[in-house]
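Fold and contact review
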Amino acid sequence: GAGVSQTPSNKVTEKGKYVELRCDPISGHTALYWYRQSLGQGPEFLIYFQGTGAADDSGLPNDRFFAVRPEGSVSTLKIQRTERGDSAVYLCASSLGGQKTTTDTQYFGPGTRLTVL
Amino acid sequence: KQEVTQIPAALSVPEGENLVLNCSFTDSAIYNLQWFRQDPGKGLTSLLLIQSSQREQTSGRLNASLDKSSGRSTLYIAASQPGDSATYLCAEVGDSWGKLQFGAGTQVVVTP
């Protein structure tokens, strides 16, 4: 079946602009996650959705970052007034979710490479 | 803040040698630990998931062990091949459910 997809694959924007990054999770997965990966580093957690609600948004760096998942499927990560430091690869993952289970594997999309000039 | 550390940061071996990748974590209350592979410019592929109640998991040439008491996991790749060249990351899920805490990864090069 189809995996996690992310669009666009690359996004170049200018400092101060607004951007939206989209994630389509695996069908039937109730949990969705956003991570950010800088060069040479492991992914850093941003936010986790269970269904339509944000279960944990403790990783969002500041109020310029916002994410939604209005129908419990597709999610959009929104970044206002972009800064050069926001340049990174933004990864989305999904999992079956539901009850806490020790076998809940997260499946990752290919990522969106954001470059802020 | 929980930390995950991977040593070495980079590793180069000739084809056929066994690979040993190390991961250490400070979270004593982990739910599970996952090993991922990342190819340049690509997303992450899950290789193995070890539940907190398990000591190891195996898949083909891959074997991962987990020692919660010492806060360590090791990924073994037997008889390495050039196609194994990639960055390998470990990540743990602890009390903050859903949040994978990643190490920085080990970049592996297998030379023919």
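Residues numbered from 1 in each chain as written. Chains lettered and ligands numbered in written order. Predicted model: local features only at pLDDT ≥ 70, side-chain atom pairs only at ≥ 80, totals over all residues. Heavy atoms only, no water.

Once that is clear, we can look at the interface of chain A and chain B. Listed by partner, the interface residues are 22 residues for chain A and 23 residues for chain B. Taken together, the two surfaces of chain A and chain B that pack against each other cover about 1800 Å², and 56% of this comes from carbon and sulfur. Inspection of the chain A/chain B interface yields one salt bridge. Lys-99 of chain B is paired through a salt bridge with Asp-56 of chain A; the nearest N and O atoms lie 4.0 Å apart. If you look at where chain A meets chain B, you find three residue pairs in polar contact (both at pLDDT 80 or more). Of all elements in the fold, only strand E4 (31–37) and strand E5 (44–50) of chain A reach the threshold of two or more residues within the side of chain A that touches chain B. (Contact = heavy atoms within 4.5 Å. Buried area = accessible area lost by both parts, 1.4 Å probe. Salt bridge = Lys/Arg side-chain N within 4 Å of Asp/Glu carboxyl O. Polar contact = N/O pair within 3.5 Å; in protein donor to acceptor, adjacent residues only side chain to side chain. Helix = DSSP H or I, 4+ residues; strand = E, 2+ residues; numbered from the N terminus.)

Turning next to the pairing of strand E9 (residues 86–93) of chain B. All names here are of chain B. Counting buried residues along E9, seven of its eight residues qualify, which places the element largely inside the surrounding structure. Looking at chain direction, strand E4 (residues 32–38) and E9 are connected through seven bridges and run antiparallel. From the neighbouring strand, Arg-37 faces E9, where its bridge partner is Tyr-88. The sheet contact formed by E9 and strand E11 (residues 106–111) spans three bridges and is antiparallel. Bridge assignment links Thr-87 to a residue of E11, and that residue is Gln-107. Pairing geometry for E9 and strand E10 (residues 100–102), over three bridges, is antiparallel. Each bridged residue has a counterpart across the sheet, and for Glu-92 the counterpart in E10 is Gln-101. (Buried < 20%, exposed > 50% of the residue type's maximum accessible area, 1.4 Å probe, protein only. Pairing = 2+ DSSP bridges.)

Residues and elements named next belong to chain A. The tally for this structure, following the rule as stated, stands at six salt bridges over all chains. Of the charged contacts, one joins Asp-24 and Arg-22 as a salt bridge, the two residues approaching to 2.8 Å between their closest N and O atoms. Here the salt bridges do not stand alone but share partners, grouping Arg-64, Glu-83 and Asp-86 into one network.

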